[in-house]
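Summary of the model geometry
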Amino acid sequence: MINDINTKKTNRTALLLVIAALILAFIFMCLPAYNFDVIIYSQKSLNTTIGDANYSAALAEVQKEQKRLEAEGYTSTINETLYERTKKSGEVSSTVTFTLNSTVQKSMLAFLGTGLASSYVLLAIILFMILSIACLAAGLIGSSDELWSRLNGKAKTFRTMAVALLLVACLLVPVFYMTNTYALSREIYLYGANLIDQAGSAEFYQKIDYLLFDGTAGNNITDFIAGMKFSSTLWGWLTLPCVFAMLIGAMQIRHGNIKHALLKLLLYAFIIVICVLTLYPYYVMLVTGFRSSAETNDMYFLHIFPTKWIFQNIKSIIDRGVLGYLKNSLLIAGGATVIALICGIPAAYSLARMRYKGRKAFLGFVIMSQMFSPVVLLIGISQLMSTLNLNDSIIGLMLINAAFNQAFAIWLLRGTFISISPEMEQAGRIDGCTTLGSLWHILLPMAAPGIVTTLIFIFINAWNEYTISTVLISTATNRPITVGITQFSSFNMIEWQYLFAASLLATIPVVILFMCIEKHLADGLTSGGVKG
C-alpha cells in the first residue's frame, strides 16, 4: 500500500514536471530566437571625405530614404564606412559608403507557416510534445498508483510512446537550427549566385520575405538579404533543455527508476554518435562512387544523394582492371596469412610450452622486430627480392607481408596457448596422442578464437599494405588494389567517382571476412589476456 501511494505521488510529480517544461518550452519559443541584420539601402559617394559637401549631400539623400522606408514600416539605423586608397601618383582618393541597417528579431514560432523546411520541423516538435502529454495521460488513467512491473500492456504502450515522441522531439530541436542555417546562409548564397536551378527561387524568396518582413519587401527582398547577417540567441536553445526535462519526467513515469533509464539512454546516445562518426566515411564513399563526374567536382555539395545513380561507374572501373587488382590483393593477403600462421603456430607453441636455452632471447627478438618499419628496410628488401628473382612478383609480396606480420602472429598466439591449461594436452597424451597430435587435435581447436583474431589482423595488414607494393611492383597486372586504384588520381585530375567506386569494391572482401569469423573475434581478443 505504501509503495502504491509513493508511486502515485512520484507519477504526479513527474507529470507536473512534464507539463511545466512544456509551458516553459512554449514561452521560450515565443522569445527572440534569431537576430537578423539586413541592409535595406546602400549608397556610395566617391571622392568624398567626412564633412565635405559631397558627404553632406549623400547623407541627406540617405536620411530622406530612411524616412521613406520608415513610412513603409521599416526601422533602420545609418552606418557609414570610409575607404581610402592611395594612387601611384600619391593622390589619396576616398569613398564613403552609407547603409541603412534594419535589425529584425524573430522567435521560433515565427517560422511556422513560412513554408521553409524548418517550419515543418518545428511543427513536428510541437505536435510530438503535445501528443506525449496525451499519451502520458492515457497511460496514467486508472494506473497512476501501480508499479511499473504490475502495469497492463495498454498503459505500458502509452507511456513508451510518450518517451519515444519526446526523444524524437529532442533530436529535432538541433535539426530545426541546422535547416535554418542551410536556408539562411547556403540557399540564399546559392540562389543569389545562380548556382542552383532558379525555378524555385521566386518561391524561396517569398518565404524569406514572409519570415523577415511579413511579405512587404516584394521584389526588394533579393537586395535586402544580399548582405544579411544572422545569429541565434540563447532563448531558442533553451527549448532543448525543456524538452529534455519532459523526456526525464516521461521516463520516470515509464520506468519508475530514472537513474537506470537515464544511463541507458545516455549509453544509446553515445553508441549512436560513435556509429554515425564511424559510418560517415563509408556513406561518402558509397554516394560518391555512384555520382556523375560533374557532381563529384561540385565544391558546394548541392545534393546529399546523387541526382542520378550512375551504376556505369562500376563497369568502368572493372574495364580498367580493378577486378584483377582485387584478385592480386586476395592472393597476397591470403598467402601472407597462411604463411604467417604456418610458421607462427609452431613458434608460438614452443615459446608457450617448451623450456630451452635462448627461449627468452628469441622472444625478445620477436618483440624487437616490431620496432622496424618496412619503409626503413625498403632498400634492403628491394635488393633482396632482386637477388632472389622475386621482384615484381606476387609471391615476393606474400613472403614480405608474412615476414612483417610474423612477430605479431607469434606474440598473439603465444598468449592464446598460455591461456589453455596444459592438463588438456596431458590428458591427450595419456590417451596415446603425440606432441604433434595433441597440438593438432586438442590445442588448435581450443585456440580457434585466438587463431581467428590473428588471421583477421594479418589479413587486413597485408590487404592495406601500400609502400612496399609501390616500390616492388612495376607491372600493371601484378598490382594489388591499394596501388591499382592510384590510376584514378593524377597531377591534373582526380576521378573521384571511380576512385570511390573502386574503394567500395575493395572493402567488400574484408567485410565478408569479418561477417564469417565475427563470432570468434571477441573471444580471441581476450584469449591471451593472462600472465605467462
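So, a few notes on the structure that sits alongside this text. (Residues numbered from 1 in each chain as written. Predicted model: local features only at pLDDT ≥ 70, side-chain atom pairs only at ≥ 80, totals over all residues. Heavy atoms only, no water.)

**Some thoughts on the side chain of serine 107**
Examined against the element boundaries, serine 107 turns out to sit in strand S3 (residues 92-107). At 3.5 Å, the side chain of serine 107 forms a polar contact with the backbone oxygen of methionine 29. Filtering out sequence-adjacent residues up to four positions away, serine 107 remains in contact with Met29, Cys30, Leu31, Pro32 and Ala33. (Helix = DSSP H or I, 4+ residues; strand = E, 2+ residues; numbered from the N terminus. Polar contact = N/O pair within 3.5 Å; in protein donor to acceptor, adjacent residues only side chain to side chain. Contact = heavy atoms within 4.5 Å.)

**Examining the packing of aromatic side chains**
Per the counting criterion, the structure on display carries 22 aromatic pairs. With a centroid separation of 5.2 Å and an interplanar angle of 55°, the aromatic rings of phenylalanine 290 and phenylalanine 311 are classed as tilted. You can see phenylalanine 290 sitting in the loop between helix H9 (258-289) and helix H10 (293-296) and its partner phenylalanine 311 sitting in the loop between H10 and helix H11 (312-319), a full 21 residues away along the chain. The rings of Tyr34, Phe36, Phe111, Phe176, Tyr177, Phe230 and Trp237 are connected pair by pair, giving a single aromatic cluster. (Phe/Tyr/Trp six-rings, centres within 6.5 Å; stacked < 30°, edge-to-face > 60°.)

**Some points on the packing of helix H12 (residues 322-353) against helix H18 (residues 448-464)**
At a minimum axis separation of 8 Å, H12 and H18 run at an interaxial angle of 140°. What the angle tells us is that H12 and H18 run oblique. Crossing of H12 over H18 shows right-handed handedness. Between H12 and H18, the residues in contact are Leu326, Ser329, Leu330, Ala333, Gly334, Ala336, Thr337, Ala340, Leu341 and Ile345 and Ile451, Thr454, Leu455, Ile458, Phe459, Ala462 and Trp463, respectively. The residue inventory of the contact of H12 with H18, partitioned by class, reads 13 nonpolar, four polar and no charged. (Axes fitted to C-alpha atoms, helices over the stretch in contact; angles between N-to-C directions. Parallel < 35°, antiparallel > 145°, perpendicular 65-115°, else oblique. Left-handed = near helix turned anticlockwise from the far one by under 90°. Nonpolar A, V, L, I, M, F, W, Y, C, P; charged D, E, K, R; others polar.)

**So, the side chain of asparagine 313**
Relative to the helices and strands, asparagine 313 resides in helix H11. At a separation of 3.0 Å, a polar atom in the side chain of asparagine 313 contacts the main-chain carbonyl oxygen of arginine 291. Contacts of asparagine 313, omitting those with residues within four sequence positions, involve Gly289, Phe290, Arg291, Gln497 and Tyr498.

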